[in-house]
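If you want the building blocks of each chain, they are given just below.
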Amino acid sequence: MKHNTFIAAIVAVACATASGVALAKGGPHHGPKMSFEELDADGSGEVTQAELQAHKQARFASADANGDGLLSLGELQAQASAKAAERAARMLERFDKNGDGSLSEGEMPKPRDGARMFERMDRDGSGGISKQEFEEARMHRGGKHRHAPGADGTKTEQN
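Residues numbered from 1 in each chain as written. Predicted model: local features only at pLDDT ≥ 70, side-chain atom pairs only at ≥ 80, totals over all residues. Heavy atoms only, no water.

(A) Just the overall build of the protein chain, in detail. Counting secondary structure elements, the protein chain contains 6 helices and 2 strands. For the protein chain, the sequential pattern of α-helices and β-strands runs α-α-α-α-α-α-β-β. When each of the 159 residues of the protein chain is scored for burial, the buried share is 18%. Put simply, of all contacts in the protein chain between residues at least 6 apart along the chain, 34% involve residues at least 24 apart. For the protein chain, the accessible area works out to roughly 11,400 Å², and carbon and sulfur atoms hold 57% of it. (Helix = DSSP H or I, 4+ residues; strand = E, 2+ residues; numbered from the N terminus. Buried < 20%, exposed > 50% of the residue type's maximum accessible area, 1.4 Å probe, protein only. Contact = heavy atoms within 4.5 Å. Areas by Shrake-Rupley, 256 points an atom, 1.4 Å probe, with all protein chains shown as cover.)

(B) Structural detail: helix 4 (residues 73–95). In a regular helix each residue adds 1.5 Å, so 23 residues correspond to 33 Å; helix 4 covers 32 Å between its end C-alpha atoms and thus fits that length. Every buried residue of helix 4 is listed here: Glu-75, Gln-79 and Phe-95. (Expected span 1.5 Å × (residues − 1).)

(C) Seen up close, the environment of Ala-137. Relative to the elements of secondary structure, Ala-137 occurs in helix 6 (residues 131–139). Distance in space between the C-alpha atoms of Ala-137 and Asp-122 is 9.3 Å, their sequence separation being 15 residues.

(D) Looking closely at the pattern of salt bridges. Overall, the coordinates contain 2 salt bridges when judged by the stated rule. For the salt bridge of Glu-136 with Arg-123, the shortest nitrogen-to-oxygen distance reads 3.5 Å. In this pair, Glu-136 sits in helix 6 while Arg-123 sits in the loop between helix 5 (114–121) and helix 6, placing the two residues 13 residues apart along the sequence. We classify Glu-136 as partly exposed; its relative accessible area is 26%. We classify Arg-123 as exposed; its relative accessible area is 61%. (Salt bridge = Lys/Arg side-chain N within 4 Å of Asp/Glu carboxyl O.)

(E) Here's a closer look at the side chain of Asp-64. The topology assignment puts Asp-64 in the loop between helix 3 (49–63) and helix 4. The side chain of Asp-64 is buried and forms no salt bridge, while Arg-59, the nearest opposite charge, is found at 14 Å. Not counting chain neighbours up to four residues away, the residues in contact with Asp-64 comprise Gly-69, Leu-70, Leu-71 and Glu-75. (Lys, Arg positive; Asp, Glu negative; His and termini not counted.)

(F) Focus on the side chain of Asp-96. Tracing the chain through its elements places Asp-96 in the loop between helix 4 and helix 5. One buried charged residue, Asp-96, remains without a salt bridge, the closest side chain of opposite sign being Lys-97 at 9.0 Å. Here the side chain of Asp-96 touches Gly-101 through a polar contact of 2.7 Å, landing on its backbone nitrogen. Ignoring sequence-local partners within four residues, the contact set of Asp-96 consists of Met-91, Gly-101, Ser-102, Leu-103 and Glu-107. (Polar contact = N/O pair within 3.5 Å; in protein donor to acceptor, adjacent residues only side chain to side chain.)

(G) Local environment of the confidence of the model for the protein chain. Per-residue pLDDT for the protein chain has a mean of 76; in total, 68% of the residues score no lower than 70. Contacts from residues 11–32, a stretch scored under 50 in pLDDT, to residues over four places away or in other chains number 28 contacts. (pLDDT = per-residue confidence, 0-100.)

Structure (structure tokens):
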């Protein structure tokens, strides 16, 4: 059970980090509920660069609560909190099998293969995950490399 909790914590941290980075960068991703129709604003059946740019600008403007053209820490946190609240509501709706408005441990989603994920993270096979292994897993989540420490401890950009 401790391993499942640990893995869930890693996934939560990774998701929160990725959400904040995506919002700060203003990337074209809107999350799992974004549809083609949402991006195809003119209904032409094609998404243009202009539509992607307009969508990006609209997302930024919605996060920029005071309209100053900058996203402060507070605005980023408010946006992340709103998205987390939406995800939590969807999770409750999806997994609350008995409809009591709460999730029991038995109703919680089961990890697909937590043991395999743990083994991948435990690169040295010690049976535990070191801080370095934890950070490497966070950096390489989903095969996407971010600023990873180089051999000399400096940060390098990887793709």
